[in-house]
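One letter stands for each residue in the lines below.
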Amino acid sequence: MISKTYLKDGIPTINPQDILTLADASIIDVRTSDEYSGELGHIEAAQLVTLGPLLEDFLNIHDKKRPIIFVCRSGGRSARASQLAIELGFGIVFNMEGGMIKWNELGLPVKR
């Protein structure tokens, strides 16, 4: 069960620890490939789809009914990705609060 979601600047936001409770959600990391494999690592189940044209192409073919969670370094780029998904008609969209910085601070599992 998701314990805490809220709107931040109009974007549905989820706490990092609650991501693990959404087994059927797509986790999309919108950072660059260097960041994805860099110091902060990435969530094991996350798919790298960099913000920009690659993300737009991905969203045009992704199932709009499947929950989708966007992740970046600190939450800014993933908020923009979340807004784009909402504008394209996705029904269940979340931005991960604090990005991979907060994920690491909480000691959650990271793949490098």
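Description of the structure in this document. (Residues numbered from 1 in each chain as written. Predicted model: local features only at pLDDT ≥ 70, side-chain atom pairs only at ≥ 80, totals over all residues. Heavy atoms only, no water.)

### Thoughts on helix α4 (residues 76–87)
The end-to-end C-alpha distance of α4 is 17 Å, a good match for the 16 Å that 12 residues give at a rise of 1.5 Å each. For α4, the set of buried residues is S78, A81, S82, L84 and A85. Buried positions in α4, seen along its axis, are confined to an arc of 160° and lie on one side of it. Among the exposed residues of α4, those pointing more than 90 degrees away from its buried face are R80 and E87. Lining the buried residues of α4 we find β2 (11–14), α3 (53–61), β5 (68–71) and β6 (93–96). Following α4 by one or two positions, G89 adopts a phi angle in the positive range, close to 100°. (Helix = DSSP H or I, 4+ residues; strand = E, 2+ residues; numbered from the N terminus. Expected span 1.5 Å × (residues − 1). Buried < 20%, exposed > 50% of the residue type's maximum accessible area, 1.4 Å probe, protein only. Arc of directions from axis to C-beta. Contact = heavy atoms within 4.5 Å.)

### Quick look at the pattern of salt bridges
All chains considered together, the criterion is met by 3 salt bridges. Of the charged contacts, one joins D29 and R31 as a salt bridge, the two residues approaching to 2.7 Å between their closest N and O atoms. Overall, D29 belongs to the buried group, its relative accessible area being 0%. Among the ionic pairs, E97 bridges to K102, the shortest N-O distance being 3.0 Å. (Salt bridge = Lys/Arg side-chain N within 4 Å of Asp/Glu carboxyl O.)

### Side note on the sheet that holds β5
On the basis of which strands lie adjacent, the open sheet formed by 6 strands has the order β1-β2-β6-β5-β3-β4 and mixed pairing. Only two strands of the sheet have a single neighbouring strand rather than two, namely β1 (5–8) and β4 (47–48). Bridge count for β5 against β6 is 3 bridges, and the pairing is parallel. Across the sheet, residue I68 finds its bridge partner in β6, namely V93. This element, α3, spans β3 (26–29), β4 and β5 of the sheet and lies at about 175° to β5. Its contacts with the sheet place α4 against β2, β5 and β6, and it is angled at close to 175° to β6. (Pairing = 2+ DSSP bridges. Axes fitted to C-alpha atoms, helices over the stretch in contact; angles between N-to-C directions.)

### A few points about α3
The complete set of buried residues in α3 reads L55, F58 and L59. Taken end-on, α3 shows its buried residues confined to a sector of 95°, consistent with a single buried face. Along α3, exposed side chains directed more than 90 degrees from the buried face belong to P53, D57, N60 and I61. In the core, the buried residues of α3 are packed alongside β3, β4, β5 and α4.

### Some details on unusual backbone geometry
A positive phi is found at D9, a non-glycine position, where the angle reads about 55°. As for its position among the elements, D9 is in the loop between β1 and β2.

### Looking at the nonpolar core
Membership of the largest hydrophobic core comes to 16 residues, with the highest contact counts inside it found for I19, I43, I69 and M96. Sequence-distant contacts of I69, defined by excluding residues within four places in its chain, comprise I14, I19, L22, A25, S26, I27, I28, F94 and M96. Judged by nonpolar contacts, the second largest core, of 14 residues, contains L59, F70, C72 and A81. (Core = buried A, V, L, I, M, F, W, Y, C linked by side-chain atoms within 4.5 Å.)

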